[in-house]
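# An overview of the molecular structure
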Amino acid sequence: MTVVVDGENDLMARRAVLDDPSLRGTRFTRELCRATDSWLADLWSSAVGEQKISKRCALVALGGYGRGELAPFSDLDVVLLHDGVKNIDEIASKIWYPIWDAGVKLGHSVGTVKQLLDIAKSELDTATALLSSRHVAGDEDLTRELLDSATRVWKTSKDRLPEMMKRVRSRQAEHGEVAFLLEPNLKEGYGGLRDIHALLWAEAAGVEISRSDRASLDAGRDVLMSLRVALHRHAGRAVEVLHLEDQDAVAAACGYPNADALAAALSNAGRSVSWVGDEVWARVSATGVKSEPDRLLAPGVILRHGEVHLDDDVDPASDPSLLLRVAASAARQRTRIDRPTLDRLAQSSPAMTTPWPVGAVDDLVGLLLTGHDAIPVLESLDQRGLWVKILPEWAPNRSRPQRNAYHRFTVDRHLWEATANASDLAHRVARPDLLVLGALFHDIGKGYPGDHTDVGVELVARIGPRIGLSPDDVVVVQTMVQHHLTLADAATRRDLGDPATAKFVADAVKSPLVLDLLHALTEADSLATGTSAWGSWKAELVAELVTRTHSVLGGGDVDEIQWRLFPDAEVLAMMATGEIRVATSPEAVTVVSPDRPGTFSRVAGVMALHGLGVLGAQAHSDEQGMAASRFSVQVPAHGPIEWDPIVKNLERALRGELAIEARLTERALTYKRRRRSAGALASPRVTFFDEASSNATVIEVRAPDELGVLHRITKAMAEVGLDIRHATVQTIGDEVVDSFYVRTASGTKLVDAFHRSEVERAILHILTPSPAR
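Below: a short report on this structure. What you see is a predicted model; the values in this text were computed from it and never measured. As a convention, each chain's residues are numbered from 1 in the sequence order in which they are written. Totals for whole chains, interfaces and linings use every residue, but because this is a predicted model, local features are given only for residues with pLDDT of at least 70 and side-chain atom pairs only at 80 or more, for both listing and counting. Only hydrogens and water are set aside; all other atoms, that is, all heavy atoms of the structure, feed into the side-chain values.

This next bit is on the overall build of the chain. A run of DSSP states H or I qualifies as a helix once it reaches four residues; a run of E qualifies as a strand once it reaches two. Both are numbered from the N-terminal end. Secondary structure assignment for the chain yields 31 helices and 15 strands. Projected onto the principal axes, the alpha-carbon positions of the chain cover approximately 100 × 80 × 40 Å. A 1.4 Å probe rolled over the protein chains alone gives each residue an accessible area, and that area as a share of the maximum for its type sets the label: buried under 20%, exposed over 50%, partly exposed in between. Burial status across the chain gives 53% buried among its 773 residues. Considering only contacts within the chain whose residues lie at least 6 apart along the sequence, 71% involve residues at least 24 apart. Accessible surface is estimated by sampling points in the Shrake-Rupley manner with a 1.4 Å probe; for residues, cover comes only from the protein chains shown. On the chain, roughly 34,000 Å² of surface is accessible, and the fraction owed to carbon and sulfur atoms is 51%. Neither His nor the chain termini are counted; the positive set is Lys and Arg, and the negative set is Asp and Glu. In this description, the location of a charge corresponds to atom NZ of lysine, CZ of arginine, CG of aspartate or CD of glutamate. Here the chain holds 87 positive side-chain charges and 107 negative ones, and the gap between their average locations is 4 Å. Any pair of residues with heavy atoms lying within 4.5 Å of one another is described as a contacting pair.

Right, let's talk about the packing of aromatic side chains for a bit. When the centres of two rings from Phe, Tyr and Trp lie within 6.5 Å, Trp using its six-membered ring, the rings pair. Their planes under 30 degrees apart give stacked, over 60 give edge-to-face, and anything left gives tilted. Tallied over the full model, the rule gives 5 aromatic pairs. For the pair Phe600 and Phe631, a centre-to-centre distance of 4.8 Å together with 55° between the ring planes defines the contact as tilted. Taken together, the positions of Phe600 in helix H27 (residues 599–609) and Phe631 in strand E11 (residues 626–633) put the pair 31 residues apart, joining distant regions of the chain. Like Phe600, the residue Phe631 is buried in the burial classification.

Think of a nonpolar core as a cluster: buried Ala, Val, Leu, Ile, Met, Phe, Trp, Tyr and Cys residues, connected wherever their side-chain atoms sit within 4.5 Å. Residues Leu59, Ile99, Met164, Trp281, Trp356, Trp387 and Phe441 are the most contacted members of the largest nonpolar core, which totals 166 residues. Among the elements that make up this core, the one with the highest residue count is helix H2 (residues 25–49) (10 residues). Apart from the residues within four sequence positions on either side, Trp387 is in contact with Leu364, Leu378, Leu381, Asp382, Trp394, Trp416 and Leu440. Membership of the second largest hydrophobic core comes to 48 residues, among which are Val589, Val603, Ala608 and Ala762.

Burial runs high along E11: 6 of the 8 residues are buried. A pair of strands is labelled paired if DSSP reports no fewer than 2 bridges between them. Pairing of strand E9 (residues 588–594) with E11 involves 7 bridges; the strand directions are antiparallel. Residue pairing for E11: Ser593 is matched across the bridge by Ala627. Direction of pairing for strand E10 (residues 614–621) relative to E11: antiparallel, over a ladder of 7 bridges. Within E11, the position partnered with Gly616 by the bridge is Ser632.

Reading across from one edge, E8-E9-E11-E10-E14-E15-E13-E12 is the order of the 8 strands in this open sheet, with antiparallel pairing throughout. Both edges of this open sheet fall to strand E8 (581–585) and strand E12 (685–689), since each of them pairs with a single strand only. Sheet twist, expressed as the mean angle between neighbouring strand axes with direction ignored, is 15°. Along the sheet, helix H22 (residues 486–493) contacts strand E13 (697–704), strand E14 (723–732) and strand E15 (735–743); its crossing angle with E14, the most-contacted strand, is approximately 135°. Each axis is a line fitted through C-alpha atoms, and for a helix only the stretch in contact is used; angles between axes span 0 to 180 degrees, taken between their N-to-C directions.

Taken together, 4 strands build an open sheet; the order of strands is E3-E2-E1-E4 and the sheet is mixed. Sheet topology places strand E3 (106–111) and strand E4 (134–138) at the edges, where each strand pairs with a single neighbour. The average undirected angle you get between the axes of adjacent strands in this sheet is 25°. With 6 bridges joining them, strand E2 (residues 76–82) and E3 adopt parallel strand pairing.

Relative to the helices and strands, Asp37 is located in helix H2. In contact with Asp37, other than residues within four places in its own chain, are Tyr65, Arg134 and Val136.

Let's shift gears to the environment of Glu540. Here Glu540 shows up in helix H25 (residues 536–553). Residues Glu540 and Tyr256 lie 284 residues apart in sequence; the distance between their C-alpha atoms is 44 Å.

Right, let's get into the state of the cysteines. Pairs of cysteine sulfur atoms within 2.5 Å are what we label disulfides. Scanning the model with the defined rule gives 0 disulfides in all. Cys33 takes part in no disulfide bond, and the closest cysteine sulfur, belonging to Cys254, lies 18 Å away. Classification of Cys254 by relative accessible area gives buried; the value is 13%.

Right, let's talk about helix H4 (residues 88–101) for a bit. Helix span is expected to be 1.5 Å times the residue number reduced by one. Under the 1.5 Å per step criterion, the end-to-end length of H4 is 20 Å for 14 residues, consistent within 8% with the ideal 20 Å. Restricting attention to buried positions, one finds in H4 the residues Ile88, Ile91, Ala92, Ile95, Trp96 and Ile99. Down the axis of H4, the buried side of the element spans an arc of 115°, and every buried residue falls inside it. Looking at the residues trailing H4, positive phi occurs at Gly103, about 80°. This arc describes the spread of directions from the helix axis toward the C-beta atoms.

In structure tokens form, the structure reads like this:
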């Protein structure tokens, strides 16, 4: 006869829910809570069955379990409630241990109603957890007493709402916005599940939430919970950040056609939750604040109770540009447009006429030049469908994800962030209006089929005249869109010491005005892209390129101007010794050695062994058979580079005494890198550019970023007789983009077709994955 341990059938039923792929989202959480309730109730019955209990006790679910929101790997938060039971610890042990034995994480406590309320009065987390109390087993009246008392205490605690709002804002700032981040935190992010919980706690304190807003919160919770359940299942553990590499699997599990559809649904859910939250917390902030007299901000636009209102006599239908004046006023005041005003504008504002009313483009520019203060205003317009009345071409970019680890925002938010960054740089350019418009439109083509730059240029040709730009200004903005990547690409992938580089940029921009606008846009765009897209090294390179290009545009002879002279006098002196020498600075290492094939790859290999990222390199050789190379490196976040062990290994490598390949293989096996890109990585590609330099061939190599990849590429080049004169290295997400200025062994460009094909074959072969790598 099979003996069934107490609770085992209910535990098996709980596991069946966890293993049932047909259960999704809130249906899953309800079923899991129901099965968990049955299991714990059975454990309760077993624990108290043989006990003589003269007083009341109950098992109560708290937190997410109390709300009925258990995800697959959520903790079980429970309290064993009693009113003076003497052997309560014995009962607790009989309940807790089977839960632990089942491998379920448990948050547990034991206490009386008074004890729990005393803790709740001083600890916000306990206070909010008790608001989600739900009866599981035992005396229901005791559970009801706890919930009623906790709610009463919560409502009468005047300082709790400001304290909670402060925590909400801190958490949102830490985790970022669910609606716009490409890898959002579903639980803790701005617009995530924790925001919904906080709003419900605010409602329990007496803050009114309308029926429509409550419906928005419920709909947002359904989307967020569905994704969270699928993410837990896919990851096999409690994970709250939806990383790019998980999105395809989560999308399939939730029934979305693809990850882009998932991202759009998540963005809309996050926006709805944030929208409700911002309005509720604005009302909480205004509570008790002395009201100032109404102040006129613009014709028909007034500041009332700290928010921007439309005058009651104003008819939005009669003035299409009123919408922009309202928005600009709100951004300048760093405040919100009140809900009724937004509703009036949404119901009555017409689409902008073609062409726009006189002065409307100035209102748009004025709004954009308020910088980051404009972003919440733009978001409120977008939430009510008003932004597309201003720019209908915007619609395909709304909530559109950028499926790579290089970007951190959706397309629409990236454009707003870049525009806000550009406004901070407006003092550097002669035409701030064109700078912010160029920033707003630089990626607008991403929502459309085809090359986003080409499409963007075509869209500006349509938008510019409509909003009131002159033909010359339209051309300037088109040029900014067309070449918004040119400065960054040329600065990080080309030899700035080669006159052809500055001449190429000058031919593209054609005027100092456009060059300065692109300089500012490059910085603004990079800062909006992600933390790895802009830094002192890139800023230096771009600034140097701009200086050289200004010289060309001004009629100077770039061939006569020297920047970053290499080798300098110090390096020439090192070469004159005829010995292996290594010199270091905080951000670079200079290596001098006999000129032999493979020197570049050996240095790159040592850098990889020590975990240093190479940013660029310059090389020189003399007639005495000595070669010098200077490698610029990325300084680690943890502090200055400890050069001594690196220098020793460089000297060993240059003497042929270091097993670089073996050591790289060992390091690769020890430090497995985690892929962050969505989907499969692109295959390695090799591209040759003959016109990028007057005296060298430029080879651009794109490949997955792996340990020692620069070492392997340059080793392959040495094998086929190439001499590397200059190199730049850039990592974009999980891909490296390395550019090499090379010459053949005879000092000429690489023009022979057979030799070129062999170079490509050697590089692609060395980049082909093998079991050892």
